[in-house]
Amino acid sequence: MARITIVGAGITGMAIASLLSRNHEVTIVAKNLPGDELSREWASPWAGAVFLGLDGSKPNEQKMQLDSFAVLWSLAVSNPESSIKRIEMNDFHDDKTIDQIWYNGKLPEFRILKDSELPKGVKLGMSYKTVVMTPKIFLPWLRNRLESSGVRFKRINLSSLAEVKSQGHDIVVNATGFGPKFLEDIQDQDVQLVRGQTVHVKSNFNKIFMRHGRDYTYAISRLDGTCILGGIKQYEQTEPEVDMELQQDVNLSNCK
Ligand SMILES: Cc1cc2nc3c(=O)[nH]c(=O)nc-3n(C[C@H](O)[C@H](O)[C@H](O)COP(=O)(O)OP(=O)(O)OC[C@H]3O[C@@H](n4cnc5c(N)ncnc54)[C@H](O)[C@@H]3O)c2cc1C
């Protein structure tokens, strides 16, 4: 049995803890913890959050994604209180062909849409089942589940990763999201910041619409009478305040 300190209490840190917790003594330390008031200092509370196969994944990354999907798919039935639900995805691409899609045929009820089912300008459309969750419910749920299996959570704000030495451990896992760019003893300039902005609306829309290409656009139903509208991806921007012009664009232009 090893003493493992995981730095970061977002979805990455907690997913790692859930794989390790039965065999090791695991402590999660982080500045922001599940259950906190909403803060723009970390990403996990803001995610859509839906499973989507990531473009350009290598075979080992594809396997990791499909393994994760299998866990989420069964949690949707075994633990509905986690907020995870199964849902239909309509996945559209302006500039891709089916041979460029690594998850072709690998997700439940996968079907290539007919030309007559595609929005104007779209080259490829696929329909399949995926999972959606509500981070505000899922993150505290996973924290409780980990705490009942012995994982400890501690709030610590680190300037450098070396500062966790005082916790006493055999292994440290760095799961700080964009933290490595700023931790004094890492300063990894290859970490790329991407700013997202979404709008949360009341809606009875009960699927996921995702369009990649010229206009990145999505509508993610959470199957709770609300829907997340989005499609903003701004590279290397860190401005945390809401951009009202972008909000209008998401509401009116992209998701009409
Ligand atoms: C608008 C939006 C929509 C998204 N939608 C989706 C989606 O639908 N599906 C999907 O898969 N992904 C989605 N994502 C991406 C997803 O949210 C992130 O990939 C994921 O949340 C990253 O989790 P993480 O645990 O790695 O990092 P984070 O959630 O950022 O957590 C980082 C953790 O490290 C801690 N930390 C950082 N620095 C320090 C420090 N110096 N000292 C102590 N602790 C520190 C933080 O406090 C926090 O606990 C979306 C993101 C955004 C912004």
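Rules used in this analysis
Residues numbered from 1 in each chain as written. Predicted model: local features only at pLDDT ≥ 70, side-chain atom pairs only at ≥ 80, totals over all residues. Heavy atoms only, no water. Near = heavy atom within 4 Å. Polar contact = N/O pair within 3.5 Å; in protein donor to acceptor, adjacent residues only side chain to side chain. Areas by Shrake-Rupley, 256 points an atom, 1.4 Å probe, with all protein chains shown as cover. Nonpolar A, V, L, I, M, F, W, Y, C, P; charged D, E, K, R; others polar. Pairing = 2+ DSSP bridges. Helix = DSSP H or I, 4+ residues; strand = E, 2+ residues; numbered from the N terminus. Axes fitted to C-alpha atoms, helices over the stretch in contact; angles between N-to-C directions. Core = buried A, V, L, I, M, F, W, Y, C linked by side-chain atoms within 4.5 Å. Buried < 20%, exposed > 50% of the residue type's maximum accessible area, 1.4 Å probe, protein only. Domains from an automatic or database assignment. Contact = heavy atoms within 4.5 Å. Buried area = accessible area lost by both parts, 1.4 Å probe. Salt bridge = Lys/Arg side-chain N within 4 Å of Asp/Glu carboxyl O.

Okay, the site of the ligand next. Lining the immediate environment of the ligand, one finds 25 residues, of which T12, N32, S44, V50 and L158 sit closest. Within the backbone of K31, a nitrogen or oxygen atom sits 3.0 Å from a nitrogen atom of the ligand. Notes on the ligand: free accessible area 1000 Å², of which the protein chains cover 76%. For the shell around the ligand, the class distribution of residues is 14 nonpolar, 10 polar and one charged.

Here the focus is the sheet that holds strand 1 (residues 3-7). The four strands are arranged 6-2-1-7 in an open sheet whose pairing can be described as parallel. Each edge of the open sheet is held by one strand with a lone partner, namely strand 6 (152-155) and strand 7 (171-174). Between one strand axis and the next, the sheet turns by 20° as a mean value, whatever way the strands run. Sheet analysis places strand 1 next to strand 7, joined by four bridges and oriented parallel. The residue bridging I4 from the neighbouring strand is I171, located in strand 7.

For the rest of this paragraph, the subject is the nonpolar core. A general tendency of soluble globular proteins is for nonpolar side chains to be buried together. I6, I28, I84, Y103, L146 and F153 are the most contacted members of the largest nonpolar core, which totals 46 residues. Counting contributing residues, this core receives three or more from each of domain 1 (1-46 + 136-189) and domain 2 (50-133 + 192-256). The contacts of Y103, once residues within four sequence positions are left out, are G53, D91, H93, F110, M126 and Y128. Counting residues in hydrophobic clusters, the runner-up holds seven residues, among them A219, C227, I232 and V250.

Attention shifts here to the sheet that holds strand 10 (residues 208-212). A sheet is described by the order of its strands in space; here seven strands give the open sequence 4-5-3-10-11-12-9, paired in mixed fashion. At either margin of the open sheet sits one strand with a lone partner, and together these are strand 4 (111-112) and strand 9 (199-202). Examined bridge by bridge, strand 4 and strand 5 (residues 124-132) share two bridges and lie antiparallel to one another. What sits directly across from I112, in strand 5, is M126.

On to unusual backbone geometry, then. Of note, the amide linkage connecting G48 to A49 takes the cis form, showing an omega dihedral of -10°. The phi dihedral of L223 is positive, around 55°, even though this residue is not glycine. By relative accessible area, which is 32% here, L223 ends up partly exposed.

The subject of this paragraph is the domain arrangement of the protein. Per the domain assignment, the segments making up the protein are domain 1 (1-46 + 136-189) and domain 2 (50-133 + 192-256). Measuring from the centre of the C-alpha atoms in domain 1 to the corresponding centre in domain 2 gives 26 Å. On the domain 2 side, the residues contacting the eight residues of domain 1 number 12 residues. On the domain 1 side of the interface with domain 2, the three residues burying the most area are R40, F138 and W141, jointly 56% of the side's total. Here domain 1 and domain 2 share one salt bridge between them. Linking E241 and R40 is a salt bridge whose minimum nitrogen-to-oxygen distance equals 3.7 Å. Linking domain 1 to domain 2 there are two residue pairs in polar contact (both at pLDDT 80 or more). Here the side of domain 1 that touches domain 2 is composed, by residue class, of five nonpolar, no polar and three charged.

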